[in-house]
Amino acid sequence: MDDEVVSRRKRRNVPAPPSEPLAEVRPPVARRSRRGWIVALLLVVAAAGVAFWLHPVQVQQQGGHRGGRFRGGDLAQPVAVAPVAQADIPIVLEALGTVTPLSTVTVRAQVSGQITQIGFTEGQNVKRGDFLAQIDDRTLNASLHQWQGQLEHDQALLADAKLDLDRDLKLTSNAITQQAVDLQRATVQSDEGTVMSDQAQIEAVQVNIANSHITAPADGRIGLRLIDQGNYVTPGDATGIAVIAQMQPISVLFSLPEDSLAQVLEQTHGNAGLKATLFDRNDTKEIAEGTLQTIDNQIDPTTGTVKLRAVFPNIDGVLYPNQFVNVHLLVRTLTGVSVLPNAAIQHGASGTFVYQLNDDSTVSVKTVTLGPGNATVTQLLSGLAPGAKVVVDGVDRLKDGAKVTVPDNAVPASGTAPAAGAAPAQPQAAGASSPAAGTSPASFGNTPANSDNATAATNGQGGRAGEGADASGDASGRKHHRHHRRDGGANAGSGGNGGDSGQGQ
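Below or above, wherever it landed, is the structure these notes cover. (Residues numbered from 1 in each chain as written. Predicted model: local features only at pLDDT ≥ 70, side-chain atom pairs only at ≥ 80, totals over all residues. Heavy atoms only, no water.)

Side note on the overall build of the protein
Then, number 1: Tallying secondary structure elements over the protein gives 7 helices and 23 strands in all.
Then, number 2: Here the protein holds 505 residues, and the buried ones make up 36% of them.
Then, number 3: Counted over contacts in the protein with a minimum sequence separation of 6, partners at least 24 positions apart contribute 76%.
Then, number 4: As presented, the protein carries roughly 29000 Å² of accessible surface, and 52% of it is formed by carbon and sulfur atoms. (Helix = DSSP H or I, 4+ residues; strand = E, 2+ residues; numbered from the N terminus. Buried < 20%, exposed > 50% of the residue type's maximum accessible area, 1.4 Å probe, protein only. Contact = heavy atoms within 4.5 Å. Areas by Shrake-Rupley, 256 points an atom, 1.4 Å probe, with all protein chains shown as cover.)

Here you go:
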């Protein structure tokens, strides 16, 4: 077709248009070849990702064939143990209390007048009878003088009436009538009553004069001054002049549940004072010791608690009114009883139980009967022999007959994992010494195993979990086990305990 067009143009002498560079047309085969390379490259990358993802399973398989720590059925769980010991258990009831003075007095004016003098310093300790303030008493003194003059006048009238009565009685019956004598006797009695009334008025004025001189009504520490010199005060003032609180001794009011009342009453028969210890707001520092003084006569029905009052000498003045404290009331002490750490106690459908460490490095479930206890230990009534070792940490993945290892006590519990390739510490034997009862055991976490180094997996506490090999984490073990089953390989690790496959292998 192109040759025919050119030939026609030559015949017509039509110049051909300038030639344009033709775009290079690649054949379809080249395009398909590029797509093929891209697809191949993606397949290679995907295959590499799958291989890297399944690498831990391969490590598990190799470790299982070599008899390493990922071999299923021989996993050992790292645990911490403590023995059943003999100890004294103080039975202590704890409550939140408020420091309350045994005496709190608000000093008020009992007469009206202007304050002419303040005789105390804010915050000072005062004794009963110490001068505090003076109210202007000039008006009261004037009233006193007035009533004293009235008394003199009425006493003179009384004396004259008595003389008249004596003369009337000496006269014969013909000189004066009986009616006149009776009238004079009534006059004498009236004057006596007037004199007594004057004396009462004088005493009242004297009391007011004494009240204008204000003194401390009780021993204690005086607070801030509530009114200044020069102010006019009356008995109806609500604020008063100052407040005095007794500081030595001082009491603490606290409440206990009604369920605890029986054991307190059992120990207080015969008025035996129980020991009460006060701790600060954070319940860490002991600040005072005292004794239980009294128990309220009724239970609060709204809260189901009963109020108690303990008294403290407060010689050093560390207790302050309305201060919040933690009260530890020692009810009794159990002496020389078998105790279990609270961390070892487990609760299930069968009751209360613990995991006992056996001589063959396995654990057994033991049902126990417990008595009273405190924040750290509980009395053991039955179920275990003295000296038996129980698991206090790492019980979350244990079962009856499970294999365990007890890490070396020398391993630092810093919470950091050791470096890859570090030599693992030698674990304790089943009968080796373990932490004492009541001490804080090492805590083992669930740090996953390193997929690139199957022998460098560590627990969350930095300790080595196996004998001759480190323990992999629980979460990592479950992940490897799941991938391996999906690939159809042999059982390379149970992952349920996340521990070592063997001891010293």
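Looking at the sheet that holds strand 5 (residues 113-118)
The strands making up a sheet are joined through hydrogen bonds of the backbone, oriented either antiparallel or parallel.
Then, number 1: Pairing within the open sheet is antiparallel, and its 4 strands lie in the order 8-7-5-10. Strands at the two margins of the open sheet, each flanked by one partner only, are strand 8 (213-215) and strand 10 (232-233).
Then, number 2: Bridge count for strand 7 (residues 131-135) against strand 8 is 3 bridges, and the pairing is antiparallel. Within strand 8, the position partnered with Phe131 by the bridge is Thr215. (Pairing = 2+ DSSP bridges.)

Remarks on the sheet that holds strand 6 (residues 125-126)
Then, number 1: Within the open sheet, the 4 strands sit side by side as 4-11-9-6. Their pairing is antiparallel. Each edge of the open sheet carries a strand with a single partner, namely strand 4 (104-107) and strand 6.
Then, number 2: Two elements, strand 9 (residues 220-222) and strand 11 (residues 242-245), share 2 bridges in a ladder whose sense is antiparallel. Across the sheet, residue Arg221 finds its bridge partner in strand 11, namely Ala245.

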